Amino acid sequence: KIFIPYNCFLLSLKVTENRSDLEDLHLYATPREQRFRRFASLEFEGQLYMTPYDFIQAVTSDEPKRAKKWRSLSKQELSQILMETPPVWKGSSKLFRNLNDKGVISYTEYLFLLCILTKPHAGFRIAFNMFDTDGNEMVDKKEFLVLQEIFRKKNEKRERKGDEEKRAMLRLQLYGYHTSTNSVLKTEGDDLVPRSYWDTLRRSTSQALFSDLAERADDFSSSLSDTTLLVHFFGKKGKAELNFEDFYRFMDNLQTEVLEIEFLSYSNGMNTISEEDFAHILLRYTNVENTSSYLENLRGTIPEEKGITFDEFRSFFQFLNNLEDFAIAMQMYNFASRSIGQDEFKRAVYVATGVKLSSHLVNTVFKIFDVDRDDQLSYKEFIGIMKDRLNRGFR
C-alpha cells in the first residue's frame, strides 16, 4: 500500500480544483452548495469559507461582484482575523458590514444564518432551548457545535447521487474533513424529510439525541477550525457561554441588517423606496418567471407614487417569517379556495402573526398580485410565491 500524506492530498485537491475540476465538482453540488461555493472567497486547509461580505452578497445579490477566486489563508492570517472579532455584547445591526472581509463563515454556519433570516421572533426561544441541552439557560460552544453535525447530516440526505470520489472532495471543501454516510446523527423514519434544516432541530431530534451528540461533540469538532461566529459567541478561548438575550439580539440584528441592505440598495439615500422597487425586491428569488406582468399591473393601478418606508418594509418581511401561521389562520377562515379582500387580509395578518401592516402597504401588495384587477387576492398563488421568496429561491 502507498500512503499519501494528508497535506499532499490537500495540495493536489487545490491544484485540480483551481482548473477543470472546478466546474466538474459544481455538477455534483446541491443548489445551496453551489451558491456557497460561488460566493465563498477564502480557503483554509482545504475548506472553503465565506467572509461576512460574501454572506451579505449571497443573500442580497444574484451573482458575486468579484471574480471567482479562492484566496488561501495562512494560520497567522486566520488567527489575526479571529483576534479582531468583537464579543457578542458588542454586536449590532451593522456587524457584518463592519467586519466586511475580516471574518470566516463555514458552510454549516451559512445554513444556520439562512435559517435565522426566515424565522419569526417567537421561534428564537425554541431555537435557543434546542441548543441548551443541559437546561441551564446558557449555551456553550460544545452545545452549539452539535448544530453543525445536525446540519451536516441533514445536508448529506440532500446530496446529489453520483461519483462518490467527487462527493468526498465536495465534503472536504464544505466541512474540512471526510464524512461517512453512517455518521453520528441517526433519525427514525428517514423517508420522512422535514421541511427545513430548522425543522430538523424542532421535529427530528430529541433532547436525548442532543445530549448524546453533545457527549461526542469533541470527536467531530477536534478537526474544526474556529470561525468568526464561534469567537463572537464564545470568546477567543471558547470558554464563554451565550445567554438568550444575546442570542435573540444577534438574530434580530442579522434580520435587520439584511433588510437594511436590500432597502438601501433601492432608496438612494431617501427615506422611502418606490412601490415598484418594493415589487422588484418582493419578486426576487421566486418561481415567477415573468415579473413584467406584475410590475405592469402595479404601474397601472397606483397612479401616484407614495413610497414604502423602512418600517413598512420591515413589518412585511416580519409577516413573511410568520407565513406558516398565517396560512393556517387563512385555512381556518375557510378562504383557502377563494380570493380575499384587503380588510380581511390585514385582519388575518394581525390575528395570526401580531404584525400590523399599513393600509398603503396592503394596497400595494394587492395591486402587485391582483392580476385580474378585481381588488381580490388569490390566496394560493400569493402563499406559493411568498414561500419561495421567504426561502430565497431554495424551497
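Here, residues in each chain are numbered from 1, in the same order as that chain's written sequence. This being a predicted model, a pLDDT of at least 70 is required before a residue's local features are given, and a value of 80 or more before pairs of side-chain atoms are given or counted; all residues contribute to the totals for chains, interfaces and linings. Working from all heavy atoms in the structure, the side-chain values ignore hydrogens and water.

If you look the protein up in an unreviewed UniProt entry, it shows as MICU3 protein from Hemiprocne comata.

A few words now on the sheet that holds strand β2 (residues 47-49). Read across the sheet, three strands follow the order β2-β1-β3 without closing on themselves; strand pairing throughout is mixed. On the outer flanks of this sheet lie β2 and β3 (71-72), each paired with one strand and no other. Strand pairing is assigned whenever DSSP detects at least two bridges linking the two strands. Secondary structure follows DSSP: runs of H or I at least 4 residues long count as helices, runs of E at least 2 residues long count as strands, and numbering of each begins at the N terminus. Across three bridges, strand β1 (residues 42-44) lies against β2 in antiparallel orientation. Paired with Glu 43 across the strands is Leu 48, a residue of β2.

Attention shifts here to helix α5 (residues 75-83). Summary of the burial criterion: residues with accessible area below 20% of their type's maximum are buried, those above 50% are exposed, and those between are partly exposed, where the area comes from a 1.4 Å probe applied to protein chains only. Burial in α5 covers these residues: Leu 78, Ile 81 and Leu 82. Around the axis of α5, the buried residues are gathered within 95° of arc, so they sit on the same side. The outward face of α5, more than 90 degrees from its buried face, is lined by the exposed residues Gln 76 and Met 83. Buried residues along α5 sit in contact with β1 and α14 (228-234). Taken from the helix axis, the directions to the C-beta atoms give the arc we talk about. Contacts between residues were defined by any pair of non-hydrogen atoms, one from each residue, lying within 4.5 Å.

This paragraph deals with the pattern of salt bridges. Criterion for a salt bridge: a side-chain nitrogen of Lys or Arg within 4 Å of a carboxyl oxygen of Asp or Glu. Following the criterion strictly, the structure yields 12 salt bridges and no others. Between Lys 141 and Asp 226 there is a salt bridge, with the nearest N and O atoms lying 2.7 Å from each other. Of the two residues, Lys 141 is situated in helix α9 (residues 141-157) and Asp 226 in the loop between α13 (217-221) and α14; the sequence distance between them amounts to 85 residues. On the accessibility criterion, Asp 226 (25% relative accessible area) is partly exposed. Within this structure, Arg 97, Glu 257 and Glu 260 form a network of salt bridges that share partners.

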